[in-house]
Amino acid sequence: STFAEDFDVTIALLQLGGRVEYDPFAGCDTDAPEDVFTLINQRYRWARGSMQVIWKYFRRMKVFGLGGHFRLFTWLMSSYIFDMGLYAFGVAAQIVVFVLALSGMPGALTMLLAFLMYQFVFRLVIGSIMVATHRERYKPLYAIPFLDLYGSFLLGGAFVISLVDEVFRLRMRW
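A quick note: this is a predicted structure, and the numbers were derived from the prediction, not measured.

A. Spatial organisation of the overall build of the protein. In terms of regular secondary structure, the protein is built from five helices and zero strands. The N-to-C order of helical and strand elements in the protein reads α-α-α-α-α. Each of the three principal axes of the protein carries a C-alpha extent, and together these read 55 × 45 × 35 Å. In the protein, which comprises 174 residues, the share counted as buried stands at 28%. Carbon together with sulfur atoms contributes 69% to the accessible area of the protein, which is approximately 12700 Å² in total. Looking at charge distribution, the protein has the averaged site of its 16 positive side-chain charges lying 7 Å from that of its 14 negative ones.

Right under this line is the structure:
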């Protein structure tokens, strides 16, 4: 069992040769997290559940092979494996830069500030493109530094904890 049962069923269905179609009129109700702890808990479960589904996929692939499922394999590799690896690398890089800056290593503080400025400018450019594309107001772009903290530390922390828990097969709990 996983914490991502919907993703698990979808991948199993696709692996067995089924199809999933998009319905633009489909809707659902959901309860959004009301506080930061609940949000981190949710993201932890999603990240760990996705990892579990991918492990299950590879175990089933050993039995059934890749034949006829190359598109599914390619999609999973590009959408999940690559993204998870890249995200893990980014979080690790941030941790290394912060540790070096805190250790007093010469040039580390400059590297940290350059790294944070790069992130800020990158998100500002992407945010500006999205705002312009959707013809929205630019005022929400003031929140970008807070989004960096939110994405890097809160969600990044949930991802790292879920990765460590999954690697060491620690018991999952709600």
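Resuming the write-up.
B. Quick look at the environment of Leu 116. Along the chain, Leu 116 turns up in helix α4 (residues 108–133). Look at Leu 116 and you get partly exposed, because its relative accessible area is 34%.

C. View of the layout of surface pockets. The volume enclosed by the largest pocket comes to roughly 1000 Å³. Taken together, 32 residues form the lining of the largest pocket, with Asp 83, Tyr 87, Gly 151, Leu 155 and Phe 159 sitting closest to its centre. Sorting the residues of the lining of the largest pocket by element identifies α1 (5–15), α2 (36–64), α3 (70–103), α4 and α5 (144–167) as the ones contributing at least two each. With eleven residues, the top contributor of residues to the lining of the largest pocket is α3. Taken as a whole, the second largest pocket spans an internal volume of roughly 200 Å³.

D. Region of interest: the nonpolar core. The biggest cluster of nonpolar side chains holds 14 residues, and the ones touching the most others in it are Phe 7, Ile 11, Tyr 57 and Leu 76. Elements represented by at least two residues in this core include exactly α1, α2 and α3. Sort the elements by how many residues they give to this core and α2 lands first, with six residues.

E. Region of interest: the environment of Ile 11. Relative to the elements of secondary structure, Ile 11 occurs in helix α1. Residue Ile 11 is classed as buried on the basis of its relative accessible area of 0%. Excluding residues within four positions of it along the chain, Ile 11 makes contact with Val 53, Tyr 57, Arg 60, Leu 72, Trp 75 and Leu 76.

F. Just the confidence of the model for the protein, in detail. Of all residues in the protein, 99% attain a pLDDT of 70 or more, and the chain-wide mean is 85. Mean pLDDT values for the elements of the protein range from 82 in α5 up to 91 in α1.

G. Inspection of the packing of aromatic side chains at higher detail. For the structure shown, the criterion picks out six aromatic pairs. When the centroid spacing of 5.3 Å and the interplanar angle of 65° are considered together, the rings of Tyr 57 and Phe 58 count as edge-to-face. Residue Tyr 57 is classed as buried on the basis of its relative accessible area, which comes to 1%. According to the relative accessible area criterion, Phe 58 is partly exposed, its value standing at 22%. Between Tyr 118 and Phe 122, the aromatic rings sit 6.1 Å apart at their centres with planes inclined by 25°, giving stacked as the arrangement. Here Tyr 118 pairs with Phe 122, and both are found in helix α4, just four residues apart, close to one helical turn.

Cut-off values and rules
Residues numbered from 1 in each chain as written. Predicted model: local features only at pLDDT ≥ 70, side-chain atom pairs only at ≥ 80, totals over all residues. Heavy atoms only, no water. Helix = DSSP H or I, 4+ residues; strand = E, 2+ residues; numbered from the N terminus. Buried < 20%, exposed > 50% of the residue type's maximum accessible area, 1.4 Å probe, protein only. Areas by Shrake-Rupley, 256 points an atom, 1.4 Å probe, with all protein chains shown as cover. Lys, Arg positive; Asp, Glu negative; His and termini not counted. Charge placed at Lys NZ, Arg CZ, Asp CG, Glu CD. 1 Å grid on protein atoms, 1.4 Å probe; cavity = no way out; pocket = protein on both sides within 12 Å on 5 of 7 lines; lining within 4 Å. Points joined across faces, edges and corners; volume = space filled by probe spheres on them. Core = buried A, V, L, I, M, F, W, Y, C linked by side-chain atoms within 4.5 Å. Contact = heavy atoms within 4.5 Å. pLDDT = per-residue confidence, 0-100. Phe/Tyr/Trp six-rings, centres within 6.5 Å; stacked < 30°, edge-to-face > 60°.

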